[in-house]
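Observations on the three-dimensional arrangement
Chain residues, written in single-letter form:
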Amino acid sequence: MSTPDVRTGEVELLIGGMTCASCATRVEKKLNRMDGVTATVNYATEKARVAFGGDVTTDDLIATVERTGYTAHLRPPEGPPPPHPSQARGGAREGAADGVLQRQRLLVSTLLTVPVVAMAMVPALQFEYWQWLSLTLAAPVVVWGGLPFHRATWTNLRHGAATMDTLVSLGTGAAFLWSLYALFLGTAGEPGMTHPFELTIARTDGSANVYLEAAAGVTTFLLAGRYVEARSKRRAGAALRALLELGAKEVTVLRGGTETRMPVDRLAVGDLFVVRPGEKVAADGVVTEGASAVDASMLTGESVPVEVAPGDTVVGATVNAGGRLVVRATRVGSETQLAQMAQLVEEAQNGKAEVQRLADRVSGVFVPVVLALAVATLGFWIGASAGLPAAFTAAVAVLIIACPCALGLATPTALMVGTGRGAQLGILIKGPEVLESTRAVDTVVLDKTGTVTTGRMTLHDVVPADGADADRVLALAGAVEAGSEHPVARAIAAAAAERTGPLRPVTGFGNEAGLGVRGVVDGTAVLVGRAGLLAGVDVPAELTRAQAAAEAAGRTAVLVAWDGVARGVLAVADAVKPTSAEAVRQLRDLGLHPVLLTGDNATVTRAVAAEVGIDEVVAEVLPQDKVDVVRRLQGEGRVVAMVGDGVNDAAALAQADLGLAMGTGTDVAIQASDLTLVRGDLRAAADAIRLARHTLAVIKGNLFWAFAYNVAAIPLAMAGLLNPMIAGAAMAFSSVFVVTNSLRLRRFAPLPGNADATTAVPSGRRAAVSAA
């Protein structure tokens, strides 16, 4: 695919060659120094999101990254997921996270290191020339196994920078070179030389000792940490890949009456395509021919297939479970709902949360500080007459123990695993900054229509007059209302067809605007509507009371009359979703204060609020007023989350500290929100906030471990009380701990009873995703 000619706006660059968080910090700083450029670089995803303008071009951005010592190229705008940066054009260098090469380095280094460490630790294995065998085995590990660290160090030093790789390279290189000195110029190379293994915190004198086990062991431990890190990246992205795999790969296009099979990326908006039984719908579109049931469970979690006919919309990646369909494509490629969901997940992994910015700033200054401490340690112990070997041992331990790999992994791994798990559950997190927002949220503002309620008018009750039959009242009313397009009329007609069977034919149909409808059914003249339409008709007292009661409850009351007498009252309302009351309770349990906000009338709103358990109600507001309500709450010191689904909610969603959009709502609302709940079930809001808070808690735990580890261990190393081998093992363990701690997020589960509110992957597919 050719590189797009993008001269202004926002682009995404794939960065190759980064080996630690400090690398990402360097690239970010270089890009941000350019005029009119704002860049965010994520080490975990190896991507940079860059906003630019003026005279800056994408070629300038790429050239700046390359001058910094890394590779960069534009991500293709559409099509299949791009290759990992380490496998992309210009990025296949040994320092990149290539899984096969990493595994080879780790396996070979491990095989060579085990006997080196064993001989150093077990005096019984130290035969006459054991030290020379150790050198033979350790040299390939330090030189070839550690080549990614040495190359990155050299590249960074040429640009006047020091990174975490610098600490690794200097630490292992110093231990290896000292061992060469001791073997060739000291006494360590003499036949029969032995030294005991000491796993104690004590000051050591390296005279006549070799540190080959430290050099090889630290290199292998680090390679293991990098390999685990790379695996965590692949596993964290498994949900995104599974999401993308849902889409169809080929499509049968209908042109000029001829069916042609072609790759799905050649499908264009307006094309007609055929979907046979059992096939996936290739793109979002509108059915033009045929009728069938469509299984949307893979995409939305909806277990019951949806019946579609000409005029109905279908979504790409859903499965045609019935007859042959002809669909006109309305959204293809990156515009489909599936692609937008995938894009939301990926954007969440590209952003950078405040906690991550803090970690990057710290790592940016940490390396030069550690180098200064190592030099100071060396100088202090030499000045204290402890001897060069002991001074050197302490300095090397400082370099090794201080390598803050765990710091660079703390935030991105948790973000990737958390957002990936969210995608599996149908909770799409747009950006990592969402995590900070959820921490302090104390108020949740709920839109009524489409969020708490179904958004569709539904027949709630039929109250017949004394002596009248409820089914006959409904059947006659439904037959007449079938001729009207009014939402109330459609609700009555649908209920009549469901409860009393096929609707009867109507003659003499008439529509009185704003009042109701009239018609003749089976020879009976029927009136259905408001009291104004029934002038001169006798309305029994019990129906007058029923009408007043329905209106007091916030429902629309419709009178049905024939033969000059009102025979019944139909109560119609926007029904509350059966799960809304439970969702409100769950939000309260999270410490959130719910507020119901709507443009509907106050009577209806209060009735809905009472049904679901909300005390504070704001009704009869325009879209702009919704924004003002959110601002007022924020002005009172509240941190506000907003849940909505319509175009009129978009501005309020953007204004809120945390915006949650129903996936069943409009694209505008989804784009303006921070979180999207794919199923449109309000209960998922509680799980979304729980997931975000849990992810933030894991990040904090990771950062605490990384910081506390370095703060506690560096003084021990400076005091000469930490063996370089132990320092290397502990440092590598901290990285593995951070990654493992982040992977715990993959076990995050919805609240009990909320399983059908999410799109959790079935057990068989979950196993496949985990294996990926």
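Residues numbered from 1 in each chain as written. Predicted model: local features only at pLDDT ≥ 70, side-chain atom pairs only at ≥ 80, totals over all residues. Heavy atoms only, no water.

A word on the packing of helix H4 (residues 130–145) against helix H5 (residues 147–158)
The contact between H4 and H5 brings their axes to 5 Å, and the two run at 45 degrees. Relative to H5, the element H4 lies oblique. Here H4 contributes Val142, Val143, Trp144 and Gly145 to the contact with H5, which in turn contributes Leu147, Pro148 and His150. Residue composition of the contact of H4 with H5, by class: five nonpolar, two polar and no charged. (Axes fitted to C-alpha atoms, helices over the stretch in contact; angles between N-to-C directions. Helix = DSSP H or I, 4+ residues; strand = E, 2+ residues; numbered from the N terminus. Parallel < 35°, antiparallel > 145°, perpendicular 65-115°, else oblique. Contact = heavy atoms within 4.5 Å. Nonpolar A, V, L, I, M, F, W, Y, C, P; charged D, E, K, R; others polar.)

Examining the nonpolar core
By size, the foremost hydrophobic cluster in this structure holds 33 residues, and its most contacted members are Leu446, Val452, Leu587, Leu658, Leu660, Leu675 and Leu682. Mapped onto this core, the elements with two or more residues apiece are strand S14 (427–429), strand S15 (443–447), helix H19 (580–589), helix H20 (602–612), strand S24 (640–644), strand S25 (658–662), strand S26 (675–677) and helix H24 (683–718). Tallying contributions element by element places H24 first for this core, with six residues. Grouped together as the second largest cluster of nonpolar side chains are 24 residues, Val116, Ala175, Tyr211 and Leu212 included. (Core = buried A, V, L, I, M, F, W, Y, C linked by side-chain atoms within 4.5 Å. Buried < 20%, exposed > 50% of the residue type's maximum accessible area, 1.4 Å probe, protein only.)

Regarding the UniProt feature "transmembrane region" (unreviewed entry) in the protein
Feature annotation in UniProt assigns "transmembrane region" (unreviewed entry) to the following positions: residues 106–123, 129–147, 167–188, 208–228, 362–384, 390–411, 703–719 and 725–743. Secondary structure across residues 106–123 comprises 89% helix and 0% strand; the distance between its end C-alpha atoms is 26 Å. Helix makes up 89% of residues 129–147 and strand 0%, whereas the separation of the span's terminal C-alpha atoms amounts to 27 Å. (UniProt positions renumbered as here; feature names shortened; annotations may be inferred.)

Section: the pattern of salt bridges
Enumeration according to the criterion identifies 21 salt bridges in this entry. With a shortest N-O distance of 3.5 Å, aspartate 615 and arginine 588 are connected by a salt bridge. With aspartate 615 in the loop between H20 and strand S23 (616–618) and arginine 588 in helix H19, this residue pair connects regions lying 27 residues apart in the sequence. For arginine 588, a relative accessible area of 33% translates into the label partly exposed. The salt bridge involving glutamate 636 is made with arginine 638; its shortest N-O contact spans 3.5 Å. Under the relative-accessibility criterion, glutamate 636 is labelled partly exposed at 46%. Taken together, the salt bridges that share partners define one network made up of Glu250, Glu259, Arg261, Arg276, Glu279, Glu289 and Arg324. (Salt bridge = Lys/Arg side-chain N within 4 Å of Asp/Glu carboxyl O.)

Quick look at unusual backbone geometry
A positive phi angle, near 50 degrees, is found at aspartate 522, a position not held by glycine. In this fold, aspartate 522 is placed in the loop between strand S18 (516–521) and strand S19 (524–529).

Examining helix H2 (residues 58–67)
When we look at burial in H2, the residues that qualify are Thr58, Leu61, Ile62, Thr64 and Val65. Angularly, the buried residues of H2 cover 160 degrees about the axis, an arc narrow enough to put them on a single face. Those residues of H2 that are exposed and aimed more than 90 degrees away from the buried face are Asp59 and Arg67. A positive phi of about 110 degrees marks glycine 69, the residue just after H2. (Arc of directions from axis to C-beta.)

Let's talk about the environment of glycine 322
Within the secondary structure, glycine 322 is located in the loop between strand S12 (319–320) and strand S13 (325–331). Residue glycine 322 is classed as partly exposed on the basis of its relative accessible area, which comes to 29%. C-alpha of glycine 322 to C-alpha of valine 275: the two residues are 47 residues apart in sequence and 9.9 Å apart in space. When sequence neighbours within four positions are dropped, the list of residues in contact with glycine 322 reads Pro277, Ser292 and Ala293.

Structural notes on a positive patch on the surface
A cluster of basic side chains, namely Lys29, Lys30, Arg33 and Arg67, defines a positive patch on the protein surface. One can find arginine 33 in the loop between helix H1 (21–32) and strand S2 (38–42). Exposure remark for arginine 33: the relative accessible area of 60% places this residue in the exposed category. (Patch = residues over 30% accessible without salt bridge, like charges linked within 9 Å, V, L, I, M, F, W, Y side chains within 5 Å. Areas by Shrake-Rupley, 256 points an atom, 1.4 Å probe, with all protein chains shown as cover. Lys, Arg positive; Asp, Glu negative; His and termini not counted. Charge placed at Lys NZ, Arg CZ, Asp CG, Glu CD.)

Looking at a nonpolar patch on the surface
A cluster of nonpolar side chains, Met121, Val122 and Leu125, forms an exposed patch at the surface whose accessible area comes to about 220 Å². Relative to the assigned elements, methionine 121 resides in helix H3 (residues 99–121). Looking at methionine 121, the relative accessible area reads 31%, which means it is partly exposed.

Side note on the sheet that holds S12
Pairing between sheet strands relies on hydrogen bonds along the backbone, with the strands arranged either parallel or antiparallel. Read from one edge to the other, the open sheet built from three strands follows the order S10-S9-S12, with strand pairing classed as antiparallel. The outermost strands of the open sheet, each flanked by one partner alone, are strand S10 (306–308) and S12. Here strand S9 (residues 292–295) pairs with S12 via two bridges, running antiparallel. Note that in S12 the partner of aspartate 295 across the bridge is valine 319. (Pairing = 2+ DSSP bridges.)

Quick notes on the pairing of strand S21 (residues 565–576)
The buried fraction of S21 is high, at nine of twelve residues. Relative to S21, strand S16 (residues 453–464) runs antiparallel, the two being bridged by eight bridges. Each bridged residue has a counterpart across the sheet, and for leucine 459 the counterpart in S21 is valine 572. Strand direction decides the pairing type here: strand S20 (residues 556–562) and S21, joined by seven bridges, are antiparallel. Note on S21: the bridge partner recorded for valine 558 is leucine 570.

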